[in-house]
Amino acid sequence: MTFVIDYHNLLQYTQKMKNILVTGGAGFYGVNFILYFSKQNPDCHFTVLDSLEANGHLSEYNLGFLKEKLLKKIDFFRVDITQNEKVKRVFNKYYYIVVHFGAASTVLGVDNNNRAEEVNIEGTKIVFDAAINSGVETFLHQSTGLVYGKHQDAADESFPVNLQESAYAATKILGEQYIIDHSNKNNKTRVMITRPANTYGPFQWIDSRLIEGLCREVIKGEPIRLRSDGTELREFIYVEDAVMAIGNVLNYGKAGEIYNIGVDTMTSVGEISRLVAESAVELGYLQKTPEIISGVSRQNDNLSYLLDSSKIKKLGPGWKIKKSLKEGVRETLIWNFEHKELWNKKQ
């Protein structure tokens, strides 16, 4: 789906890319994006808008890490994006770019389903309206590849979204739709949407994420317990590769476009489990490979969430995956091992 907005001159745009607001900037994607983008654009100043509620003191750790690395190049507002008036006040200052990572998961049950509706739908509306009304040049909304649901073939950006896939995916779809519908009324802001595959790597504190959860299980010396028989296929992308892709979209993306971000290949959950276990032994964290205990096969596990990411690879000079799955898993294991005191204390 494409919504029509005038596209700004790229050279003029890149010269001005010095003032960025990042919602969810203390979260997994936000931290990794800021660290990467600050290296590519040393003169850039970042404003982080985050409630710090998602993971408590662990989000505070992420923020502290950013402040230490960026020193005076970062400002912080502790604001919930569902608080309209507070968000508006943040936008009293002009930002050239807004990157909207702020989101809520539904992994913890019904209460989080309600929270996801508030944040992913209403919060997105509030942030988008505030950004547009303040006259930002570029607004990038981070969605998810889960909006397509499970399917047989790789889904490109024209593939229909599936409101029935999950409560989380439905909230992301409705947030997207608001942006698409209201972007058509604005011809000044370059608006784009990204839909990444399952992303893993440093600064991810949610234990329910497959690779991070597996890393913590093996570091604790526990057996790996799968919820299925391990044959289901998933697409995984290392977070550094994903934020590089987002940087490519910010530099070369066209207004009104949606971009998938994936690796164009799938790996079984069983294979991921073995890779984590073997890497832990290679790194010396374990003396022997832990036991992998399989569960039962799930319905529709023969389907997948594979994305067709050919579109983004043709953008500008192109974007390529730099980390293999084995390399990415190894980096994730190392990071989790070095920070095990923090996630062990997570409440």
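Residues numbered from 1 in each chain as written. Predicted model: local features only at pLDDT ≥ 70, side-chain atom pairs only at ≥ 80, totals over all residues. Heavy atoms only, no water.

(A) Quick look at unusual backbone geometry. Not every positive phi belongs to a glycine, and F203 is a case in point at roughly 70°. Mapping F203 onto the fold places it in the loop between β7 (198–200) and α7 (210–219). Residue classification places F203 among the buried residues on the basis of a relative accessible area of 7%. A positive phi is found at D264, a non-glycine position, where the angle reads about 65°. Turning to its location among the elements, D264 is positioned in the loop between β11 (258–261) and β12 (267–268). Exposure remark for D264: the relative accessible area of 33% places this residue in the partly exposed category. (Helix = DSSP H or I, 4+ residues; strand = E, 2+ residues; numbered from the N terminus. Buried < 20%, exposed > 50% of the residue type's maximum accessible area, 1.4 Å probe, protein only.)

(B) The nonpolar core, seen in detail. With 70 residues, the main nonpolar core has F33 and F46 as its most contacted residues. If sequence neighbours within four positions are ignored, F46 has contacts with I20, V22, F33, I34, F37, S38, L70, K73, I74 and D75. If you look at the next biggest cluster of nonpolar residues, it comprises 23 residues, including L49, V90, A116 and A131. (Core = buried A, V, L, I, M, F, W, Y, C linked by side-chain atoms within 4.5 Å. Contact = heavy atoms within 4.5 Å.)

(C) Fine view of helix α3 (residues 57–70). Taking 1.5 Å of rise per residue, the 14 residues of α3 would be expected to cover 20 Å, and the 20 Å separating its terminal C-alpha atoms lies within 8% of that figure. Among the residues of α3, L58, S59, N62, L63, L66 and L70 are the ones counted as buried. Down the axis of α3, the smallest arc covering the buried residues is 150°, so these residues share one side. Summarising the contacts, the buried residues of α3 are in contact with α2 (28–40), β2 (45–50), β3 (74–78) and α12 (340–344). At the C-terminal side of α3, L71 shows a positive phi close to 55°. (Expected span 1.5 Å × (residues − 1). Arc of directions from axis to C-beta.)

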